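Survey of secondary and tertiary structure
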Amino acid sequence: MSTRTADWFGSAAKPKAPGRRRGDTDKPVKWGSPAVYFVALVFIAVCVAPVLYIVLGGFRTNAQITTSPAGLPHPWVFSNYANVLKSNTFWGEFANSVVVALASTVGIVILGLMVSFVLARYDFKLKGAMYSLFAAGLMFPLVIAITPLYIVIKDLGLVDNLAGVIIPEIAFGLPTTVIILVPFLRAIPKEIEEAATIDGAGRLGFFFRMVMPLSLPGVVTVGILAFIGSWNNYVLPLYILNSQANFTLPLGVQAFSSQYSQDTAKVLAFTSLAMLPALVFFSIFQKRIVGGLTGAVKG
């Protein structure tokens, strides 16, 4: 990379420091209306309470749940979680979920970035129609297409195969990816591309050396959304996967609940461990999701 290209790259990558506007003072921030905070706390409680109930329920016995459904564990019982973690079934389903989620995420990010780059940087016939087609995909849920999709998967011989879940997840994840990434790629100054061309960089060189680093916030955002969506997907594996050896964790929760329907505490422990990876993943990267979506709106 030459000095000219590096200068353009550096100027685009480093945001300018905001200057102080006339009239700005160091006034303390005023608290908002108490009603707003009350409504926010209600929504937080509605979202958090079921998760806490499931997690804490795994530390209780069936007798405790029957006697006091909303009570706290007393005493705390760790055997439910220990028994689940010792189960080969749980770890097999965990491995299947990891394979499906990672493969789907990689496919969605790579293909979505390529499509978005073409739609954002080049002019050709039916460009607007193609972009509108991806936008329309946001209004086409998987549940509506599940029957014809199952027929296609069956004709391809991918029933009861993890690939039969991965490929449709990539296809249905592309619309969201394209809608988020196109503004990022469109906002890259043309001067950077011109400087890269003068320095002898081709289209692929510009794509890998310039486009990918500058669009990294959007790529991280769509990657997180794709991973969480794939991890929590239940309908598609329900139709495609038949044998328990190929089950992902959402299907494993259903099968485990049916098998141990009388052992509520153990079912709650299994459910907690099944949803824990997605919760941890989202909690760690939630700021990147907000930042990426904000950049897409600005672009």
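For every chain, the first residue of the written sequence is number 1, and numbering continues from 1 along that sequence. Residues qualify for local features only when their pLDDT is at least 70, as the model is predicted, and side-chain atom pairs are given and counted only at 80 or more; totals for whole chains, interfaces and linings, by contrast, use all residues. By convention in this description, side-chain values take in all heavy atoms of the structure and omit both hydrogens and water.

Things to note about the overall build of the chain
Definition in use: Strands here are runs of E lasting at least two residues and helices are runs of H or I lasting at least four, both read from the DSSP assignment and numbered beginning at the N terminus. Exposure classes here rest on a 1.4 Å probe applied to the protein chains alone. A residue is buried below 20% of its type maximum, exposed above 50%, and partly exposed in between. Whether two residues are in contact is decided by their heavy atoms: any pair within 4.5 Å suffices. Note that accessible areas follow from Shrake-Rupley with a 1.4 Å probe, and for residues the cover is restricted to the protein chains shown.
The secondary structure content of the chain amounts to 14 helices and zero strands. For the chain, the N- to C-terminal ordering of α and β elements is α-α-α-α-α-α-α-α-α-α-α-α-α-α. Residues counted as buried form 36% of the 299 residues belonging to the chain. Of all intrachain contacts in the chain linking residues separated by at least 6 positions in sequence, the fraction that spans at least 24 positions is 74%. Counting only carbon and sulfur atoms, one obtains 68% of the accessible surface of the chain, whose full area is about 17900 Å².

As for a nonpolar patch on the surface
Threshold: Here a patch means residues that are over 30% exposed by relative accessible area and free of salt bridges, tied together within 9 Å if like-charged and within 5 Å if nonpolar (Val, Leu, Ile, Met, Phe, Trp, Tyr). Definition used for salt bridges: Asp or Glu carboxyl oxygen within 4 Å of a side-chain nitrogen of Lys or Arg.
The grouping of Phe 38, Val 39, Val 42, Phe 43 and Val 46 at the surface amounts to a nonpolar patch, some 510 Å² of accessible area in total. When you line up the elements, Phe 43 lands in helix H2 (residues 34–57). On the accessibility criterion, Phe 43 (57% relative accessible area) is exposed.

Some points on the nonpolar core
Stated formally: Residues grouped as a nonpolar core are buried Ala, Val, Leu, Ile, Met, Phe, Trp, Tyr and Cys residues, joined through side-chain atoms within 4.5 Å.
Formed by 25 residues in total, the largest nonpolar core has its most connected members in Leu 113, Phe 117, Leu 185, Ile 188, Ile 192, Phe 206 and Val 211. Contributing elements (two or more residues each) for this core: helix H5 (88–121), helix H8 (163–186), helix H9 (190–198), helix H10 (203–214) and helix H11 (216–231). With seven residues, H8 is the largest single contributor of residues to this core.

Let's talk about the packing of H5 against helix H13 (residues 249–259)
Angle between the axes and distance between the axes are the two parameters that describe a pair of packed helices. What counts is decided by this rule: Geometry is summarised by axes, namely lines fitted to C-alpha atoms with helices restricted to the contacting stretch, and by angles between N-to-C directions that run from 0 to 180 degrees. The labels follow the angle: roughly parallel below 35 degrees, roughly antiparallel above 145, roughly perpendicular from 65 to 115, and oblique for the rest. Note on residue categories: nonpolar means Ala, Val, Leu, Ile, Met, Phe, Trp, Tyr, Cys or Pro, charged means Asp, Glu, Lys or Arg, and polar means any other residue, Gly included.
Running from amino to carboxyl end, H5 crosses H13 at an angle of 150 degrees, the nearest separation of the two axes being 8 Å. Between H5 and H13, the interaxial angle falls into the category roughly antiparallel. Across the interface between the two elements, Phe 90, Glu 93, Phe 94 and Ser 97 of H5 pack against Leu 249, Pro 250 and Gly 252 of H13. Its residues assigned to classes, the contact of H5 with H13 shows four nonpolar, two polar and one charged.

Re helix H7 (residues 146–155)
Just so we agree on the cut-off: The arc in question is formed by the directions pointing from the helix axis toward the C-beta atoms.
Considered for burial, the residues of H7 that qualify are Ile 146, Leu 149 and Ile 153. Here the buried residues of H7 occupy an arc of 60 degrees about the axis, which is enough to place them on one side. Among the exposed residues of H7, those pointing more than 90 degrees away from its buried face are Thr 147, Lys 154 and Asp 155. Looking at the buried positions of H7, the neighbouring elements they touch are H8 and helix H12 (235–240). Phi for Gly 157, located one or two positions after H7, is positive at around 75 degrees.

Side note on the packing of aromatic side chains
Convention followed: Centres within 6.5 Å make a pair out of two Phe, Tyr or Trp rings, where for Trp the six-membered ring is used; the pair is then stacked when the planes are under 30 degrees apart, edge-to-face when over 60, and tilted otherwise. Lysine and arginine charges are scored as sitting over a ring when NZ or CZ, respectively, is within 6 Å of the ring centre and within 35 degrees of the ring normal.
Per the stated rule, a full pass over the model turns up 12 aromatic pairs. In this structure an aromatic cluster arises from ring pairing among Phe 90, Trp 91, Phe 94, Phe 227, Trp 231, Phe 256, Tyr 260 and Phe 270. One Lys or Arg, Lys 266, reaches over the ring of Tyr 260 and ends 4.6 Å from the middle of that ring.

Remarks on the pattern of salt bridges
Counted according to the given criterion, the structure contains one salt bridge. Measuring nitrogen to oxygen at the nearest pair gives 3.2 Å for the salt bridge that ties Lys 127 to Asp 123. Since its relative accessible area comes to 74%, Asp 123 is described here as exposed.

Structural notes on the confidence of the model for the chain
Close inspection of predicted coordinates is inappropriate for parts of the model with low pLDDT. Note the following rule: One number per residue, pLDDT, summarises how confident the predictor is, and it ranges from 0 to 100.
Mean pLDDT over the chain stands at 82; residues scoring 70 or higher make up 85%. Under a pLDDT of 50 for its full length, residues 2–6 has, in the predicted model, nine contacts with residues more than four places off or in other chains. Predicted confidence is poor over residues 8–20, with pLDDT under 50, and the contacts of this stretch with residues over four places away or in other chains come to 13 contacts.

Some details on the packing of H8 against H11
Filter applied, for reference: Less than a right angle of anticlockwise turn of the near helix away from the far helix marks a crossing as left-handed, whereas a clockwise turn marks it as right-handed.
It is at 10 Å that the axes of H8 and H11 come closest, and there the two elements cross at 155 degrees. Comparing the axis directions of H8 and H11 gives the class roughly antiparallel. As H8 packs across H11, the resulting crossing turns out to be right-handed. Every residue of H11 that contacts H8 at Glu 169, Thr 177, Ile 180, Leu 181 and Phe 184 is listed here: Pro 217, Gly 218, Val 219, Val 222, Leu 225 and Ser 230. Among the residues forming the contact of H8 with H11, the class breakdown is seven nonpolar, three polar and one charged.

A short note on unusual backbone geometry
For the bond running from His 74 to Pro 75, omega is 0 degrees, close enough to zero to count as cis. You can see Pro 75 is positioned in the loop between helix H3 (62–67) and helix H4 (79–85). Its identity as a non-glycine residue notwithstanding, Leu 126 has a phi of 65 degrees, on the positive side. Among the structural elements, Leu 126 can be located in the loop between H5 and helix H6 (127–137). The exposure class of Leu 126 is exposed, given its relative accessible area of 66%. Of note in the backbone geometry, Asp 160 takes a positive phi value of approximately 60 degrees without being a glycine. Relative to the elements of secondary structure, Asp 160 occurs in the loop between H7 and H8.

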